[in-house]
Each structure stands twice: as structure tokens, then as C-alpha cells.
Amino acid sequence: MGQGLGPDAQKGQPGLGRAALFGLCPRCGARTLFEAPARIALSCDACGLDLGALERGGRLAGVLTMVLAVFLIGAALGVDAVLRPPLWLSALVWAPLTVGAVVFALRFYRTTLLYRQYEAARAKEPAQP
Ligand SMILES: [Zn+2]
């Protein structure tokens, strides 16, 4: 316990949180990055950028989800043990919180990863005239 969100929380790329929240394409900035709440689209509808090729680390995202879920369940059990709220109240509070936190963590993680892949791919290509 006592771990933070990891070394990934860098502040070098402004707007990454916004990009994750709205699912902004790294090339054209359209809201096309996610086809489902936490799933990257295959390609951008606006500019045709191949997002599927840029997305890597799907398995890692799964591990992250599990770690977060376990942490939240642990926190929920801790609150339960201390406060002993009625079960319906626990469900009411923790179900949306868990889902929301997992979905946003996934979105943020995938957006960060995808933007890094995009920067790396762009750095390798010769400059377009
Ligand atoms: Zn695009």
C-alpha cells in the first residue's frame, strides 16, 4: 500500500488529460480516439490515422485495470469495516466510482501510450514537405 500512480504521471505533455478525457486524435485533434469508453478505435474517422497500429500494451492495460480494481475493492472493504454502512449504500457509492476510475485510468493510460507511439513514429519518418 502507499503506492502512487507510478512513474507515468509526467507533466511534459500538456493537454494529455484533456486528450484522454475527450479522446482526441494525436494528429488532427478530432474526438475519434475511442470507439468505446475504454477502447481505442482502429483508425481516426477524421484524418485516417492508423490508431490500431499505434496502440500497444493492451495486456499491460489489463494488468493496470486489475491492480486498480483490487485496490478499490480493498478500499471499499476498509470503509466497510470502519463505517459499516448499509450494503445498498456501499453499492451505490462504490460501483460507479470503481467503474469510473477504471475507465478513466484505462483511457489515460492508453492515450499516453498512443501519443508516445505517435511521437516516436513521427520522429522516425522523414519530414513531410
Ligand atoms: Zn485524426
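If you're wondering where the values come from, they're calculated on a predicted model, not measured in any experiment.

### Describing the overall build of the chain
A tally of regular secondary structure across the chain gives four helices and two strands. When the helices and strands of the chain are placed in sequence order, the string is α-β-β-α-α-α. Relative to its full complement of 129 residues, the chain shows a buried share of 26%. For the chain, the share of sequence-separated contacts (at least 6 apart) that also reach a separation of at least 24 residues comes to 55%. A total of about 8,800 Å² of accessible surface is found on the chain, and carbon and sulfur atoms cover 65% of it.

### Describing the UniProt feature "transmembrane region" (unreviewed entry) in the chain
Taken from the UniProt record, the annotation "transmembrane region" (unreviewed entry) applies to residues 60–79 and 91–109. When the span residues 91–109 is considered, its composition is 100% helix and 0% strand, and the gap between its end C-alpha atoms is 26 Å.

### Considering the pattern of salt bridges
A full pass over the atoms with the stated rule returns three salt bridges. Across the pair Glu 35 and Arg 39 runs a salt bridge, and its minimum N-O distance is 2.8 Å. Overall, Arg 39 belongs to the partly exposed group, its relative accessible area being 48%. The salt bridge partner of Glu 119 is Arg 122, with a shortest N-O separation of 3.7 Å. In this pair, Glu 119 and Arg 122 are both assigned in helix H4 (residues 87–124), three residues apart and thus about one turn of the helix distant. When its relative accessible area of 47% is taken as the criterion, Arg 122 is described as partly exposed.

### Observations concerning the packing of aromatic side chains
Counted according to the given criterion, the structure contains one aromatic pair. In this structure, Arg 107 is placed above the aromatic ring of Phe 34, and the distance from its NZ or CZ to the ring centre is 4.1 Å.

### Overview of the coordination of the zinc ion
Bound to the zinc ion on the protein side are Cys 25 (SG), Cys 28 (SG), Cys 44 (SG) and Cys 47 (SG), at distances that span 2.2 to 2.3 Å. Metal-centred angles of 107 to 112° between the four donor atoms at the zinc ion mark the site as tetrahedral. Mapped onto the sequence, the residues coordinating the zinc ion show the spacing C-x2-C-x15-C-x2-C. Given the relative accessible area of 27%, Cys 47 is considered partly exposed.

Calculation rules
Every chain is numbered on its own, with residues counted from 1 as its sequence reads. Given that the model is predicted, a residue must reach a pLDDT of at least 70 before its local features are reported, and side-chain atom pairs must reach 80 or more before they are shown or counted; all residues, however, enter totals for whole chains, interfaces and linings. Side-chain measures were taken over the full set of non-hydrogen atoms in the model, leaving aside hydrogen atoms and water. Helix and strand assignments follow DSSP, with helices taken as H or I runs no shorter than four residues and strands as E runs no shorter than two, numbered in order from the N terminus. Buried, partly exposed and exposed residues are distinguished by accessible area as a fraction of the type maximum, computed with a 1.4 Å probe on protein chains only: under 20%, between the cut-offs, and over 50%, respectively. Every residue pair with non-hydrogen atoms within 4.5 Å of one another is taken to be in contact. Each accessible area value is a Shrake-Rupley result obtained with a 1.4 Å probe; residue values ignore everything except the protein chains displayed when judging cover. UniProt positions are given in the numbering used here, feature names are shortened, and annotations may be inferred rather than shown by experiment. Salt bridges are identified by distance alone: a Lys or Arg side-chain nitrogen within 4 Å of an Asp or Glu carboxyl oxygen. The pairing test for Phe, Tyr and Trp rings, Trp by its six-membered ring, is centres within 6.5 Å, and the orientation test on the planes gives stacked under 30 degrees, edge-to-face over 60, and tilted for anything in between. Placement of a positive charge over a ring is assigned whenever Lys NZ or Arg CZ falls within 6 Å of the ring centre and within 35 degrees of the normal to the ring plane. For Na, K and Ca the donor cutoff is 3.2 Å, while for all other metals N, O and S atoms must lie within 2.8 Å; water is not among the atoms, so some sites may look incomplete. Donor angles set the geometry label: tetrahedral for four donors if every angle is between 85 and 135 degrees, square planar for four and octahedral for six if opposite donors exceed 155 degrees and the others are between 65 and 115, irregular for anything else.

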